[in-house]
Amino acid sequence: MTRRYLISVSAKNRVGFLAAFAKALDELGGNLSEISQTRLPPYFMMLILAEFAESRDPGVIQSHIRDVCRPFGAELTIMDVTADPCDVESLDAMPDQKRTPFLLTMTGNDRPGILRLLTRQLAQHGIDVTNVRATQTDEKSRFLFVMSLSVPEGVSMLVLQNELQQIGEDCALSVHIQHGRLMDAVTSLRSFNGPS
Amino acid sequence: MLADSDLVEGCLVAQLPLEVRSMTLAINVADCADRSLHRLCDGIYQKVTRGAARFAEIAGDVAAEYGVPILQRRLAVSGVSEIADGFGPEDLLHVARTLDGAAAQVHAERIGGFSADARFGLSNAASQVIASLPVVLAETTRVRAAVQVAATQTGVNMSAVALVAQKMREAADASADKNADASARLTVVANDCLGHPHLTSCTTQPGWVDRSIHVSVGAAAVLKHALEVASVQRGDLAWTTIAEILQTAGYRSIKAAEIIGREVAKRMGVTFGFVDPTLAPTIRGGDSVVGLFPLLGVESFGAPGTVAVLTLLRDVMQRAARFASPGRHLEARVMLSVLEDPALAEATHQGLSFDRLQLLAAAGACGLDLIPIPGAVDADTLSAIIADQMVLSVSRGQTGSVRVIPIPGRGAGERVTYGSMLGEASILDVAGIGRSRPMTQRGGIFPTSGDW
């Protein structure tokens, strides 16, 4: 029998970290199931799903990985997720509700509370934010903000656009929402020529 | 997972002024042909209003959902000369009013199909349609008429050209109180063997499905945006790099229009037809084709260098269309529609001449479009102007069209102003008025080098 753990690691990005982590995992007899990494220079964060023998104590796993990765200054947490089903019920996986991908982009001067206003509006429509990315531009206090949205069937995009435009006007921001399919079509070379 | 590149691309795409210049629903009404005028008109009205009942609603929904405006909705039906054979001009006026009413009912800005094909000769039906044009165009607002008078394989039917020129002149006189706007709704066409879905006056030819959706691309604003982002005016970019920038922008605008067209077609349960990558003005400000020229180094439209840049623009759109919509795109053209393009109209105030527009038509622009000319231009001179353009089009094997507007009682240099889609422009002088009569009176077929 094995147990499944979700391990999160954050550290400054340095060459060799993944090699050190893999070494620690190997020494613990662990088996890596899934890994996801995101970067926020100069930092990065990894989420790792790994399986270990049931007899392996989670405290030992945590301390061994921390020891091996100590030169990288990594912060680490570990969570036993064995009891959670693999097909975790997520908004993306709900089969009976049709959802459409959209991309929301926002540019403007940074000010407190923008994200709260925006996400509250999205939540009221039952819109799931599947991904977020934001950064400051070279110009002082200006920022770029991109959100991947999963919009449930029945949401009026006209209404949503008007609401977002209103938020944009109130906060002196430029807010745009694009259909994911359109975004894909104009930025990739994939063919969309199917029977209509 | 969103990467840094997604961040940039997302912002880039969000800023693109994507739009669909026009969306045309083509409806085959050939089965409405009937010997009874009442049944014919009733059949056409029912079929058009039923077939396009949800067109405006669905187009609006898709435009809102995708955040891409559809600037104009058009209808196209089977050519009237095919379905109303045997009826005279008075009866055809009823048919035109039926089309006008049906288009209004389904909120379509224009309806094409009041057309005749006189490539090979004048049939009785074509003659009747042409004869009815002055009154039909003066009495309706949404109907767009077309007469095809030339094809590469057969040459130019000069008899038809003369007859149409005469009716164009009469249409202008019949609407003199509205600056001859009736003649602005008549197009003389060459090489439209398939029923070009994007000519404003298009018709649905045999060989099409019963209902199909076609889109035309609003690319001028996207190209302008791309040039501005790349700071092309700095002058340190190579022409090949500029062509690449324009081609990428063209690709994006074409692809976006196709996606919108396909989605509307899917929701309506009809076939998706073609994408027209033609560069043409739209009702939105800033969509002027002419506005691209200063960014590309020709500060005044019509100045030396205009032909080169115009050819570049047409070529990049053609290449972008081949890449974006293989097998589903039409020939890219550049429409210099004087009365629909404020920047072009401004150029006429600054001295852009009729001769210069003729030169540009010869160099690759699509014929002569919406050009106000003096009222003194008689039918024979009109006929010669049309003949010049038709011969050019058939020689090059390309679609060509002429829409010129002789303004009764007005002379060169005077300004004319219209409402709605048409704006304001100066009347352009035409040299040699009345000097081509012997050429146009000969009639018959003007041969060209084309073969069957």
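Above this text is the structure in question.
Residues numbered from 1 in each chain as written. Chains lettered and ligands numbered in written order. Predicted model: local features only at pLDDT ≥ 70, side-chain atom pairs only at ≥ 80, totals over all residues. Heavy atoms only, no water.

What follows deals with the overall build of chain A. Helices and strands together make up the secondary structure of chain A, namely five helices and eight strands. Shown N-terminal to C-terminal, the secondary structure of chain A runs as helices and strands in the order β-α-β-β-α-β-β-α-β-β-α-β-α. Expressed as a percentage of its 196 residues, the buried residues of chain A come to 37%. Intrachain contacts of chain A at a sequence separation of at least 6 include 72% that bridge at least 24 residues. Of the roughly 11,300 Å² of accessible surface on chain A, a fraction of 52% belongs to carbon and sulfur atoms. (Helix = DSSP H or I, 4+ residues; strand = E, 2+ residues; numbered from the N terminus. Buried < 20%, exposed > 50% of the residue type's maximum accessible area, 1.4 Å probe, protein only. Contact = heavy atoms within 4.5 Å. Areas by Shrake-Rupley, 256 points an atom, 1.4 Å probe, with all protein chains shown as cover.)

All right, on to the sheet that holds strand 4 (residues 75–80) of chain A then. All names here are of chain A. Pairing in this open sheet of four strands is antiparallel, and the strands run 2-3-1-4 from one edge to the other. Of all the strands in the sheet, the pair left with one neighbour each is strand 2 (31–40) and strand 4. Between one strand and the next, the sheet's axes are offset by a mean angle of 15 degrees, whatever the strand orientation. Pairing between strand 1 (residues 2–12) and strand 4: six bridges, direction antiparallel. The residue of strand 4 that forms the bridge with serine 8 is threonine 77. Docked against the sheet, helix 1 (residues 17–27) engages strand 1, strand 2 and strand 3 (43–53), running at close to 15 degrees with respect to strand 3. Set on the sheet, helix 2 (residues 58–68) makes contact with strand 1, strand 3 and strand 4; between it and strand 4 the angle comes to about 160 degrees. (Pairing = 2+ DSSP bridges. Axes fitted to C-alpha atoms, helices over the stretch in contact; angles between N-to-C directions.)

Three- or four-residue spacings in an α-helix give side chains the same orientation, since the helix completes a turn every 3.6 residues. Residues and elements named next belong to chain B. The end-to-end C-alpha distance of helix 5 (residues 89–105), which contains 17 residues, comes to 24 Å, matching closely the 24 Å that a straight helix rising 1.5 Å per residue would cover. Residues of helix 5 that are buried sit in contact with helix 2 (37–51), strand 2 (73–77), helix 4 (80–83), strand 3 (110–117), helix 6 (124–139) and strand 4 (143–151). Phi for histidine 107, located one or two positions after helix 5, is positive at around 60 degrees. (Expected span 1.5 Å × (residues − 1).)

Residue and element names in this part refer to chain A. By the secondary structure assignment, asparagine 31 is in strand 2. The exposure class assigned to asparagine 31 is partly exposed, which follows from its relative accessible area of 44%. It is 15 Å that separates the C-alpha atoms of asparagine 31 and alanine 19, two residues lying twelve residues apart in sequence. Each residue touching asparagine 31, except ones within four places of it in the same chain, is listed here: Leu49, Ala50 and Glu51.

Let's shift gears to the pairing of strand 10 (residues 400–407) of chain B. Residue and element names in this part refer to chain B. When you tally the buried positions in strand 10, you get eight out of eight residues, the bulk of the element. Taken together, the six bridges between strand 9 (residues 368–374) and strand 10 define a ladder with parallel strand orientation. Among the inter-strand pairings, proline 374 is bridged to a residue of strand 10, identified as isoleucine 407.

The next subject is the packing of aromatic side chains. A full pass over the atoms with the stated rule returns six aromatic pairs over all chains. Measuring from ring centre to ring centre gives 5.1 Å for Phe17(A) and Phe44(A), while their planes differ by 65 degrees; the resulting arrangement is edge-to-face. Here Phe17(A) is found in helix 1, whereas its partner Phe44(A) is found in strand 3, with 27 residues between them in sequence. Across this residue pair, the class does not change: Phe17(A) and Phe44(A) are buried. Ring geometry for Phe293(B) against Phe301(B): centres 4.8 Å apart, planes inclined by 90 degrees, an arrangement best described as edge-to-face. No difference in accessibility class separates Phe293(B) from Phe301(B), as the two residues are buried. Over the face of the ring belonging to Phe87(B) we find Arg35(B), whose NZ or CZ atom lies 5.9 Å from the ring centre. Above the face of the Phe274(B) ring, Arg328(B) is positioned so that its terminal group lies 5.4 Å from the ring centre. (Phe/Tyr/Trp six-rings, centres within 6.5 Å; stacked < 30°, edge-to-face > 60°. Lys NZ or Arg CZ within 6 Å of the ring centre and 35° of its normal.)

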